Amino acid sequence: AQTLAECQEHVHRGRKPQARSCFEALAVGRDPYLKAEGLWGLGMTQDANTQFRTAVAAKGNSPDLANIKTRWGRLLLEGFAPKDASTLFIEALELKEDFPPALVGMALVASETFEAKAVELVEKALKKDPKHLEAQEMLARLAVEDIDFEKARTEAEKALKISVESLDGMAVMAALEALSDRSPQPWLAKMEAVNPVYAEGYTYLGHTLSQNRRYLDAIDYFKQAIAKDPKYWAAHSELGITYMRLAMEKQAREHLELAYENGYRNNLTVNSLRLMDSYKNFDTFKTATTEVRLHKKESALLRLYIESELQRAMSTYEKKYKFKLADPVRVEVYPDHEDFAVRTMAMPGLGALGVAFGNVLAMDSPSGRPPGSFHWASTLWHELSHVYVLTATKHRVPRWFTEGLAVHEETAASPDWGDRLDPTVLRAVKTKKLLPIAQLDRGFIRPTYPNQVIVSYFQAGRICDYINGRWGFQKLLDMMNDFAKNQPTPAVVEKNLGMKPEQFDKEFFAWLDKQLETPLAKFDDWSKQLKAVNDAAKAKNWDEVIKVAAPIRDWFPEFVEHGNLYEALADAYFAKNDKNSATAQLEAYAKVGGRAPDVLKKLAGLQQEQGRPKEAMLTLEKVNYIYPMADPEMHRKLGELYLTHGSTQKAIREFQASLASKPPDPVVSHYQLAQAYLKANNADKAYDHVLEALEAAPGYRPAQKLLEELSSKRKEAR
């Protein structure tokens, strides 16, 4: 007779043949619960699931039922069914209050999405049973994710006191050494002495390094995991994902398909394979320094803007960060947000618009977001900053710093770029929810209140603004170079800013409060008045709108979201036929970072009406950086403005964009593009496009005249 404990001991020591024989014995026994465990141990998960169901039915109200439901939940969690697993863990806790294994199960579910309650649940399990090894090991792993390495070491040491053979405790200690650029080999040797084929430990190292954006180091440990156990499919999946993040798609597909074909079908594996299958629908454009991947349905349009903006940003950053990238930058732009989301799955603290993996960055397309909700150029500059900072530091930089510097760069590129201060952030500042600089990484990784990640982006950006304003940009570079030596935040702050982190926090928070003095003081009153303005606007009581909105607009000038005061005032002035005042409100809206494309186009039309074509041109340029999609007429108008004011190359781009936007009548755009090419002394392309215009509309007289002119010039040239 075999016992479950004996089977688990064989697994713990890596004795695979003995473990298999042991589980086979359990699988043919009479007890449905032990049969389920045996089948699970043999990898027969569907049969195990059936036996767990039978075991629950057979046990009635037995005291063992809480444990059986918890184990069943763990089977389902391992099979990538977290919702069903959670249901069983909750049922187990109803049967046995604060049952530690069920609390650990709940914590595992929460940890998959980096929820703060994962820590609370594990701590609760340890309070009930201070010797619960798995809970103690998990607490150490969660501390590693939180970048609290001191706590992680303490908790791992506690696990090793509970059991000197704690494999996960050893793996955590090894990971801490690797993250600190010390050799993890002594801990790996201890791990192997207990279990010479413990692939899980090496996979954990790879996973942890990958979460800390050290992808090349992670690959090495995933390979070692596979060498220990070639059939450990989780390692193949994670290795494939890491290859994919570095755009090594051949290697990525090999390992992902291997995992999938052998039943390892978690969302990340399945969705990554689907995403790679969709790459046939993309065009790739390469230069010596860049590689841009765009969906075929919009590549002709977006290429006109993204390639040039990428080159402009790279030129700026080379000078600013004082080094040149050795490898080309790859940019992937996804019109389907769900495709982009696959790129960021299982990564903590990432914004929802873009992500950088070394020299590879992926981002949403403007067409993948509601118009006006996304500034693609700002996102491109943000993510490209990550490329430079990660490369310069060899991926050894705290998240708060690289995110803060990238946020800083958005408005450094243009003051109206970057995210505006919003009520969510203002409330967090008002209620003192910002974190000390030494703990700011945690706000990105495991938020403790809604929107804390957004608040942390704001705080990190303002910290870099503050350092830049007080000490200069070189100080940020000095900090970056010290982070490259794997120095922790407190040491870098003290060395470069000449004060302890606590003193920095005090001075920074005082500066921030001063910066936000008016919106902080007036926020509650502003909120009430904003509602009154919107109510008056709905009732078309325009005098009331002007009376209430005009005095309070600048209490919170950065608020440009739906229902903002700029648009309300503009509508009121329009209704009173005061176009000049309406235009002034819309210009203030655009200057502070308002992004609604329709509003900006309306402003450009007003500026043209008022005989200010240069201002109209600048306004329409803003639209191109926000939402250049599906408006051939806008591109044509901007092309006309450029052509009139001597910006011939930009005019060519806009007429090309008009055509790429598939206008219902392309004749005029072809004709105007021909005119622009002629002005640029490119008669051949001018000739091609005038022929295109006449092919679509043979009787179009302006094109006929231009063709005669071009034909005459061709004869003269001969």
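Quantities reported herein were computed from a predicted structural model and do not represent experimental measurements.

**Things to note about the overall build of the protein chain**
Item 1. Each helix and strand in the protein chain was counted, giving 38 helices and 5 strands.
Item 2. Evaluated residue by residue, the protein chain yields a buried proportion of 54% over its 718 residues.
Item 3. Total accessible area computed for the protein chain in this model is approximately 31,900 Å², and 50% of it derives from carbon and sulfur atoms.
Item 4. One way to put it: in the protein chain the 96 positive side-chain charges average out to a point 2 Å from where the 98 negative ones average out.

**Some remarks on the pairing of strand β5 (residues 360-364)**
Item 1. Within β5, 5 of the 5 residues are buried, leaving the element largely enclosed by the surrounding structure.
Item 2. In β5, alternate side chains face the same way, and those of Val360, Ala362 and Asp364 on one face and Leu361 and Met363 on the other are all buried.
Item 3. Both strand β3 (residues 329-334) and β5 contribute to a ladder of 5 bridges, which runs parallel. Its bridge partner lying in β5, Val333 is registered against Met363.

**Quick word on the side chain of Arg595**
Item 1. Examined against the element boundaries, Arg595 turns out to sit in the loop between α31 (579-592) and α32 (597-609).
Item 2. Of the polar contacts made by the side chain of Arg595, one reaches the backbone oxygen of Gly418; its length is 2.6 Å.
Item 3. Setting aside residues up to four positions removed in sequence, Arg595 forms contacts with Gly372, His375, Trp417, Gly418, Asp419, Tyr589, Leu600 and Ile626.

**What about the environment of Asp336?**
Item 1. Mapped onto the fold, Asp336 is located in the loop between β3 and α19 (337-344).
Item 2. Counting along the chain gives 150 residues from Asp336 to Asn486, while the straight-line C-alpha distance between them is 37 Å.

**With respect to the packing of helix α30 (residues 565-575) against α31**
A pair of packed helices is characterised by two quantities: the angle between their axes and the separation of those axes.
Item 1. Between α30 and α31, the least distance of the axes is 7 Å, while the angle of their chain directions is 165°. In this view, α30 runs roughly antiparallel relative to α31, as classed from their interaxial angle. Two packed elements cross with a definite hand, and for α30 against α31 that hand is left-handed. Across the interface between the two elements, Tyr566, Glu567, Leu569, Ala570, Tyr573 and Phe574 of α30 pack against Lys579, Ser581, Ala582, Gln585, Leu586, Ala588, Tyr589 and Val592 of α31.
Item 2. Of the residues that constitute the contact of α30 with α31, the class distribution is 10 nonpolar, 2 polar and 2 charged.

**Quick look at the nonpolar core**
As a rule of thumb, nonpolar side chains are buried together in soluble globular proteins.
Item 1. Core analysis: the largest hydrophobic core is formed by 137 residues, its most contacted members being Leu384 and Phe504.
Item 2. Leu167, Ala218, Phe222 and Ile241 belong to the second largest nonpolar core, which has 53 residues in total.

**Considerations on helix α15 (residues 233-245)**
Item 1. Here α15 contains 13 residues, and its C-alpha end-to-end distance of 18 Å stays within 8% of the 18 Å for a straight helix at 1.5 Å per residue.
Item 2. Of all 13 residues in α15, 12 are buried; the element is thus mostly enclosed.
Item 3. Among the residues of α15, Trp233, Ala234, Ala235, His236, Ser237, Leu239, Gly240, Ile241, Thr242, Tyr243, Met244 and Arg245 are the ones counted as buried.

**Some words on helix α14 (residues 215-228)**
Residues spaced three or four apart along an α-helix face the same direction, because each turn holds 3.6 residues.
Item 1. The end-to-end C-alpha distance of α14 is 20 Å, a good match for the 20 Å that 14 residues give at a rise of 1.5 Å each.
Item 2. Burial in α14 covers these residues: Tyr215, Ala218, Ile219, Tyr221, Phe222, Ala225 and Ile226.
Item 3. On its buried face, α14 sits against α12 (185-194), α13 (199-211), α15, α16 (249-261) and β4 (354-357).

**Re the packing of aromatic side chains**
Item 1. Overall, the coordinates contain 34 aromatic pairs when judged by the stated rule.
Item 2. An angle of 85° between the planes, with centres 5.0 Å apart, marks the rings of Phe80 and Tyr264 as edge-to-face. Here the residue Phe80 occupies a position in the loop between α5 (65-78) and α6 (82-95), and Tyr264 occupies one in the loop between α16 and α17 (267-278), the gap between them amounting to 184 residues.
Item 3. Ring centres 5.0 Å apart and planes at 55° place the aromatic pair Phe401 and Phe483 in the tilted group. Of the two residues, Phe401 is situated in helix α21 (residues 399-413) and Phe483 in helix α25 (residues 473-483); the sequence distance between them amounts to 82 residues. The exposure classification of Phe401 matches that of Phe483, with both residues buried.
Item 4. Three or more aromatic residues link up through ring pairs in this structure, and these residues are Tyr317, Tyr321, Phe323, Trp376, Trp381, Tyr388, Trp417, Phe473 and Tyr625.
Item 5. For Lys320, the ring lying beneath its charged end belongs to Phe473, and the centroid distance is 4.8 Å.
Item 6. Directly above the ring of Trp555 sits Lys522, whose terminal nitrogen or CZ lies 4.6 Å from the centroid.

**Things to note about the state of the cysteines**
Item 1. With the rule as written, the count across this model stands at 1 disulfide.
Item 2. Put simply, Cys7 and Cys22 are joined by a disulfide, and their sulfur atoms are 1.9 Å apart. Judged by the sign of its S-S torsion, about -85°, the cystine formed by Cys7 and Cys22 is left-handed. Note that Cys7 is positioned in helix α1 (residues 4-12) and Cys22 in helix α2 (residues 16-27), a separation of 15 residues in sequence.
Item 3. On the basis of relative accessibility, which here comes to 1%, the residue Cys22 falls in the buried class.

**Quick word on the pairing of β4**
Item 1. Side chains Gly354 and Ala356 project from β4 onto one buried face, and the interleaved Val355 and Phe357 project onto a second face that is buried too.
Item 2. In the sheet, β4 pairs with β5 via 4 bridges, with the strands oriented antiparallel. What sits directly across from Phe357, in β5, is Val360.
Item 3. Between β4 and β5, which pair antiparallel one after the other, the connecting turn spans 2 residues, and Gly358 there sits at a positive phi close to 60°.

Rules used in this analysis
- Residues numbered from 1 in each chain as written.
- Predicted model: local features only at pLDDT ≥ 70, side-chain atom pairs only at ≥ 80, totals over all residues.
- Heavy atoms only, no water.
- Helix = DSSP H or I, 4+ residues; strand = E, 2+ residues; numbered from the N terminus.
- Buried < 20%, exposed > 50% of the residue type's maximum accessible area, 1.4 Å probe, protein only.
- Areas by Shrake-Rupley, 256 points an atom, 1.4 Å probe, with all protein chains shown as cover.
- Lys, Arg positive; Asp, Glu negative; His and termini not counted.
- Charge placed at Lys NZ, Arg CZ, Asp CG, Glu CD.
- Pairing = 2+ DSSP bridges.
- Polar contact = N/O pair within 3.5 Å; in protein donor to acceptor, adjacent residues only side chain to side chain.
- Contact = heavy atoms within 4.5 Å.
- Axes fitted to C-alpha atoms, helices over the stretch in contact; angles between N-to-C directions.
- Parallel < 35°, antiparallel > 145°, perpendicular 65-115°, else oblique.
- Left-handed = near helix turned anticlockwise from the far one by under 90°.
- Nonpolar A, V, L, I, M, F, W, Y, C, P; charged D, E, K, R; others polar.
- Core = buried A, V, L, I, M, F, W, Y, C linked by side-chain atoms within 4.5 Å.
- Expected span 1.5 Å × (residues − 1).
- Phe/Tyr/Trp six-rings, centres within 6.5 Å; stacked < 30°, edge-to-face > 60°.
- Lys NZ or Arg CZ within 6 Å of the ring centre and 35° of its normal.
- Disulfide = S-S within 2.5 Å.

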